[in-house]
Amino acid sequence: MTRVLQFRYIWCVFLWFPVEAGALQCATDPLAVFTELGGDPNDKEVHVRADNSEGDYLRADFSGSVEMHQGDKHLFAPELTYRHEEGKADLNRGGVISSPQAAIEGIKGHYDSGAQTASFEEAEYYMRGKQQAAVGSAKNARFDRKNNRDDFESVTWTTCPRLHPAWHIKAHTLMLDHNRERGIARDMTLRIGKIPVFYLPYFSFPISSARQSGFLIPSMGSSEERGFEVSIPYYWNIAPNQDATFTFRPMTKRGLMADAEYRFLGEKQEGTLYGALLANDRKRPHHPRWSWRGTHQYHFNDQWHTDLLHQQVSDVDYVKDLTTDFRLYDEWYLERHFTLYGNTDYGNLMLRAQGYQRIDPVVSEADKPYSRAPQLTYNHSIKNGNWRYDVSAEAVHFHKDELGGANRVSGDISAAYRLDAAYGYIEPQISANYAHYDYSTRKDKLRGKHHDRFLPTFSLDSKLTFERGFDWQGEDWTQTLEPRLYYLYTPYKDQSEIPDFDTDERSLSWNWLFARNRFVGEDRIGDANQLTTSVSSSFYRNHDGQEKLRLSLGQIQYFKNRRVQLGDKATEKQGRSVLVSEGLYQIDQHWRLYGLTYWDTQKHRNERDVISLDYHLDRDRFINLAHHYNRRDYNQTTLAATWRINPQWRLFYRSDYSHRHHRLFNHVSGVEYNDCCWAWRLAGKHWRDRPGDDQKHSAIYLEFVLKGLGNMGSRSGRMLQKEIHGFTPLSEENTF
């Protein structure tokens, strides 16, 4: 009861939040309006308007609401002195000088039209950036538009609102180089609010979102395995198509880890190189921990390309202890491969070498999948009128250290003839499958043996489509009814002596009812003499074509026992398969209900189901409640949500509850704040590797970005993308 109330409470909390989140509105600085006055930059004439003026050919003095402009440069002051020959103006009682790029206000100012410089004492300034505007104050400020450089003394700098900045830099000097899009501060203190956070004698930072070398914003986290940790990244912008990131990662329970990643992008190729080293693990003294990963893709042309992935870790516990930023084959193995793809007019080719490394101590090395090196596949389909011909072939060498190697050559050829009509179709298809196995290099009793297998398959697929129109609640609707029959026949052939190299039973799904083989992989061709009967019905609203409701029901009738099995599994003798039912109900434009169940009609019990209720308002406001059940494996309920409360605040949540073990085994929650000048995200995860495990793990992530100083990390973002389907990261997040 406690867990039910907890889910209900969380559900109500999300629905309580207002549905009008709105867009992020940024306050406009008072000086910003002066950068929008316009003007022709090629106009060199000086234009002045004032209440009073006096002077001669060398000098003119203006007073009383003075407005002066030259091209797109504008000056506003109570008094102004202009020297004609020098092209210089003095604002002795202060004022405002502006251009389309910046505006500056102070108590005493100077403007040089020839040198294109402006300076002020006791200044307040506003600078319009490509992506982010910056504001601040300075004892002395000088803008040099000819060299595109700004210099400040005793300065503050921030991208937040001027009066109450969430953060700001306070420095003795600050130089902004707009050509390099980089700022350099000396004797710099970073303050959050009014609190000094850290001091640096020298600090170089990007002043735009363009890629710039320099330190990025650190991220922090805590976990049981690693303790408190900080990631301090340094970004190196090597070239427009190359960069590298070096990260120092001190961990209280493990020590100091250093990692680096290099990325490159060319016209035809792209790739990454990554390496990490923990020289002295405090929990494993004298055992260096390391990992590396390399990726590369090369496109020869539109038809041919390669894909390389190689990754390796120092030990079987590395991923669990230190990181999950790897491409996993599943929860237990790292994959590595090199693949050549060819997509030609004469068929599709693939040449691949593939292997695995075990990364979970729970599984044994013997359970690791076979490596495949090399593997060559070919597929081609030809259509000629109502005829369709399909050809597929494969040649592969398997290897496993304790069992040795084996070769398999297989091929499948089929011909189908399809008769289509407005009310349905009928399609007979016949195919032949051949496989040859060579066990010359095996290390067991199969060594030196050969196996050959040839099996034909016949299928007949047919479907009818009926439609009727009707009126419901004043609207016109169309209902379809689609009965379908699919007959499949494959004779029996004993395959028990053939090892299982890469074959498994096909997962249950709606399409499973119409599969030509109940196995995935070439090591088993299932014997079949069966008929699938199904019916589907859909309801469409005529005025917009929306499918409001779809219901489907299907089952396989077996006319013979299924004798071909994997391993020691006994012959399947039941006369009918599970009854598969699928339903989709689009409640309204936001609510959607989906269900898929597998009911054993002979034992009168549910074998598996998926039930999902979705509420989707927009990409930042959605809720998913789902139940997943497998009688032999799991029975769990998942609640996941992302909800934007307002333009600044966003919440994240996921809980997985096991009804079999009566416990939460995975819990994720997070909060994110994002405004015009900074953002931060706090996310935590509490989980068990498996619902039945007693050992629990916890981790917490804190990441932030000071907009205008660099982008934020993405460790919490990657975690949330994995846990919450549909999560969208911030635009400032970079994956390095």
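Residues numbered from 1 in each chain as written. Predicted model: local features only at pLDDT ≥ 70, side-chain atom pairs only at ≥ 80, totals over all residues. Heavy atoms only, no water.

### Comments concerning the overall build of the protein chain
Thought 1: When its secondary structure is counted, the protein chain shows three helices and 45 strands.
Thought 2: At 34 Å, the protein chain has a C-alpha radius of gyration far larger than the 27 Å of a compact globule built from 736 residues.
Thought 3: With respect to the three principal axes, the spread of C-alpha positions in the protein chain is 110 × 75 × 60 Å.
Thought 4: Within the protein chain, the proportion of its 736 residues that are buried is 45%.
Thought 5: Pairs at least 24 apart in sequence give 47% of the contacts found in the protein chain among residues at least 6 apart.
Thought 6: Accessible surface, the protein chain as shown: approximately 37,900 Å² in total, 54% of it carbon and sulfur.
Thought 7: Separation between the mean location of the 93 positive side-chain charges and that of the 98 negative ones in the protein chain comes to 7 Å. (Helix = DSSP H or I, 4+ residues; strand = E, 2+ residues; numbered from the N terminus. Rg over C-alpha atoms; globule rule 2.2 N^0.38 Å. Buried < 20%, exposed > 50% of the residue type's maximum accessible area, 1.4 Å probe, protein only. Contact = heavy atoms within 4.5 Å. Areas by Shrake-Rupley, 256 points an atom, 1.4 Å probe, with all protein chains shown as cover. Lys, Arg positive; Asp, Glu negative; His and termini not counted. Charge placed at Lys NZ, Arg CZ, Asp CG, Glu CD.)

### Topic: the pairing of strand β2 (residues 52-55)
Thought 1: With four bridges connecting them, β2 and strand β3 (residues 59-70) associate as antiparallel partners. Counterpart to S53 in the pairing with β3 is F62.
Thought 2: As consecutive antiparallel partners, β2 and β3 are separated by three residues. (Pairing = 2+ DSSP bridges.)

### Structural notes on the pattern of salt bridges
Thought 1: Enumeration according to the criterion identifies 58 salt bridges in this entry.
Thought 2: Its salt-bridge partner being K685, residue E723 comes within 2.8 Å of it at the nearest N-O pair. Placement of the pair is E723 in helix α3 (residues 715-723) and K685 in strand β44 (residues 678-687), with a sequence separation of 38 residues. With respect to burial, E723 and K685 carry one shared label: buried.
Thought 3: The structure contains a network of salt bridges with shared partners spanning E225, R254, D281, R284, R289, D315, D317, K320 and D321. (Salt bridge = Lys/Arg side-chain N within 4 Å of Asp/Glu carboxyl O.)

### Section: a nonpolar patch on the surface
Thought 1: A cluster of nonpolar residues, L419, I426, I430, F458, L460 and Y489, forms a patch on the protein surface that exposes about 480 Å² of accessible area.
Thought 2: Of all elements in the fold, only β29 (424-438) and β30 (450-464) reach the threshold of two or more residues within the nonpolar patch.
Thought 3: Position of I430 among the secondary structure elements: in strand β29. (Patch = residues over 30% accessible without salt bridge, like charges linked within 9 Å, V, L, I, M, F, W, Y side chains within 5 Å.)

### Remarks on empty space enclosed by the protein
Thought 1: Evaluated as defined, the whole model comprises one cavity of 30 Å³ or more.
Thought 2: Space inside the largest cavity adds up to approximately 40 Å³.
Thought 3: For the largest cavity, the full set of lining residues is S219, M220, G221, E229, V230, S231, Y701, E703 and R715.
Thought 4: When residues of the lining of the largest cavity are traced back to their parent elements, those giving at least two are β16 (219-223), β17 (227-239) and β45 (697-706). (1 Å grid on protein atoms, 1.4 Å probe; cavity = no way out; pocket = protein on both sides within 12 Å on 5 of 7 lines; lining within 4 Å. Points joined across faces, edges and corners; volume = space filled by probe spheres on them.)

### Observations concerning unusual backbone geometry
Thought 1: In the segment running from A373 into P374, the intervening peptide bond is cis, with an omega of -5 degrees.
Thought 2: Of note in the backbone geometry, E181 takes a positive phi value of approximately 55 degrees without being a glycine.
Thought 3: Assessed through its relative accessible area of 12%, E181 is described here as buried.
Thought 4: A positive phi is found at H662, a non-glycine position, where the angle reads about 55 degrees.
Thought 5: Note that H662 resides in the loop between β42 (649-658) and β43 (663-674).

### Some words on the nonpolar core
Thought 1: Ranked by size, the top nonpolar core spans 44 residues in total, and within it F152, W157, W167, I169 and F205 carry the most contacts.
Thought 2: One finds L513, F514, Y594 and L596 within the second-largest nonpolar core, a separate group that totals 15 residues. (Core = buried A, V, L, I, M, F, W, Y, C linked by side-chain atoms within 4.5 Å.)

### Considering α3
Thought 1: Regarding α3, the residues found buried are R715, S716, G717, M719, L720 and E723.
Thought 2: Lining the buried residues of α3 we find β17, β18 (242-251), β42, β43, β44 and β45.

### Comments concerning the side chain of R289
Thought 1: With respect to the element layout, R289 can be found in strand β21 (residues 289-299).
Thought 2: Its relative accessible area of 0% is what places R289 among the buried residues.
Thought 3: In this structure, R289 is in contact with R254, A276, L277, L278, D281, R284, S314, D315, D317, Y318, D321 and L322, ignoring residues within four places of it in sequence.

### Comments concerning the pairing of strand β40 (residues 621-630)
Thought 1: With seven of its ten residues buried, β40 lies for the most part within the structure.
Thought 2: Both strand β39 (residues 605-618) and β40 contribute to a ladder of ten bridges, which runs antiparallel. Counted as the bridge partner of H616 is F622 from β40.
Thought 3: Between β39 and β40, which pair antiparallel in sequence order, lie two residues.
Thought 4: As paired elements, β40 and strand β41 (residues 634-644) share ten bridges and run antiparallel to each other. When the bridges of β41 are listed, A626 appears paired with T638.
Thought 5: Taking the residues that link successive antiparallel strands as the turn, the β40-β41 hairpin has three residues.

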